[in-house]
Amino acid sequence: MAVGIFDSGLGGLTVLDACQKRLPEVPFVYLGDNAHTPYGVRDADDIYDLTTRCTDRLFQAGCDLVILACNTASAAALRRMQEAWIPEGKRVLGVFVPLIEALTERQWGDNSPPREVAVKHVALFATPATVASRAFQRELAFRAIGVDVEAQACGGVVDAIEEGDMILAEALVRSHVAALKRKMPTPEAAILGCTHYPLVQEVFQDALGPDVAVYSQADLVAASLADYLDRYPDRRGPGEVPMFLTTGDPARVSVHATQFLRRKIDFYAA
Ligand code: DGL
């Protein structure tokens, strides 16, 4: 039954929360690699090594399907994992595609050629590693033509959120939005391409203004997972116990997680 959800730290909790609301009968095993967060400033080999190690831990916890609720891992490691690493009978999915399908008004699995879509000017906010990978632009180009993407690497935001310093996180978001607007003054849509950013979504919306449609991943990924499990019900693993695992200090991570989700969360050592 169990499905694994992985992030470098606390950001994937935004995805976990939406998935639990959408699929209350599924036991989710969450793993945060808090000992090594942030991933967004690491190189691709390092992100690959850390992501495979944590995904393997989720397989051991009885998950046959693991969601990389981390754009940085999805951008820098997922393709390489799918090419040569994922063991027989296991599946690993990323978080980019549901978002891009929503932006390009596509249904799941629609592989028709790229076409013109309503939005023309899109701002992408993500970690430095995600921006450097250009994975978002690549996935978008498979589905849409004529979309101008301006990417803003949001250094420091993940660290501030992981530390629970929301005043710093807010200040950094406002300065990153201002930097983006200097390059693209009037985006029609903004993508929050990091699962930590929904925790400061209101700040992004406020800084961007009410006319910008802000896309964040949690609900889109949950809907896409529900659809996937309807199609492939046998891809739930044998695990039955929901749990929260961390490579960091469980007591400290539990306090921050409880603050973010506004409900009691107990992490255990991975
Ligand atoms: N929340 C992650 C993401 O979506 C990770 C950020 C990081 O560790 O830098 O990109």
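First, a word on what this report is: a plain description of the structure on this page. Counting starts from 1 at the beginning of each chain's written sequence and moves along it residue by residue. Only residues with pLDDT of at least 70 are given local features in this predicted model, and only at 80 or more are side-chain atom pairs given and counted; all residues enter the totals for whole chains, interfaces and linings. Computation of side-chain values: all heavy atoms of the structure, hydrogens and water removed.

**Some points on the packing of aromatic side chains**
Right, so step 1: Pairs were defined over the aromatic rings of Phe, Tyr and Trp, the Trp ring being its six-membered one, requiring ring centres within 6.5 Å. Orientation was assigned from the angle between planes: stacked under 30 degrees, edge-to-face over 60, tilted for the rest. Applying the stated criterion to the full structure yields nine aromatic pairs.
Right, so step 2: Relative to Trp 85, the ring of Phe 59 lies with its centre 5.9 Å away and its plane at 20°, an arrangement referred to as stacked. With a gap of 26 residues between them, Phe 59 in helix α2 (residues 44–60) and Trp 85 in the loop between α4 (78–84) and β4 (91–93) connect regions that are remote in the sequence.
Right, so step 3: When the centroid spacing of 5.0 Å and the interplanar angle of 55° are considered together, the rings of Tyr 228 and Tyr 232 count as tilted.
Right, so step 4: Each residue is assigned to one of three classes by its accessible area relative to the maximum for its type, calculated with a 1.4 Å probe on protein chains only: buried under 20%, partly exposed between the two thresholds, exposed over 50%. In this structure Tyr 228 comes out as buried when scored by relative accessible area, which is 6%. Strands are runs of DSSP state E lasting at least 2 residues, helices are runs of H or I lasting at least 4, and numbering of each runs from the N terminus.

**Topic: the site of the ligand**
Right, so step 1: By nearness alone, 14 residues border the ligand, and Ser 8, Tyr 39, Gly 40, Thr 72 and His 196 come closest of all.
Right, so step 2: A distance of 2.7 Å is found between an oxygen atom of the ligand and a backbone nitrogen or oxygen belonging to Gly 40.
Right, so step 3: Contact between the ligand and Asn 71: an oxygen atom at 2.8 Å from a main-chain N or O atom of the residue.
Right, so step 4: Throughout, the ten residues Ala, Val, Leu, Ile, Met, Phe, Trp, Tyr, Cys and Pro are labelled nonpolar, Asp, Glu, Lys and Arg are labelled charged, and all others, Gly among them, are labelled polar. Looking at the shell around the ligand residue by residue, the class counts come to five nonpolar, eight polar and one charged. Here a residue counts as near a molecule or strand whenever at least one of its heavy atoms sits within 4 Å of it. Here a polar contact means two N or O atoms within 3.5 Å. Within protein one must be a hydrogen donor candidate and the other an acceptor candidate, and residues neighboring in sequence count only if both atoms are side-chain atoms.

**Topic: the sheet that holds strand β9 (residues 189–192)**
Right, so step 1: If DSSP finds at least two bridges between two strands, the strands pair. In space, the four strands of this open sheet follow the order β8-β6-β9-β10, with parallel pairing throughout. Each having just a single partner strand, β8 (148–153) and β10 (213–215) make up the two edges of the open sheet. Adjacent strand axes in the sheet meet at a mean angle of 20°, parallel and antiparallel pairs treated alike.
Right, so step 2: Sheet analysis places strand β6 (residues 121–126) next to β9, joined by four bridges and oriented parallel. Looking across to β9, one finds that Ala 123 is bridged to Ala 190.
Right, so step 3: Relative to β8, helix α9 (residues 166–183) is tilted by about 145°, and along the sheet it contacts β6 and β8. Orientation is described by axes fitted as lines to C-alpha atoms, over the contacting stretch for helices, and by angles from 0 to 180 degrees between their N-to-C directions. In what follows, a contact means two residues having at least one pair of non-hydrogen atoms within 4.5 Å.

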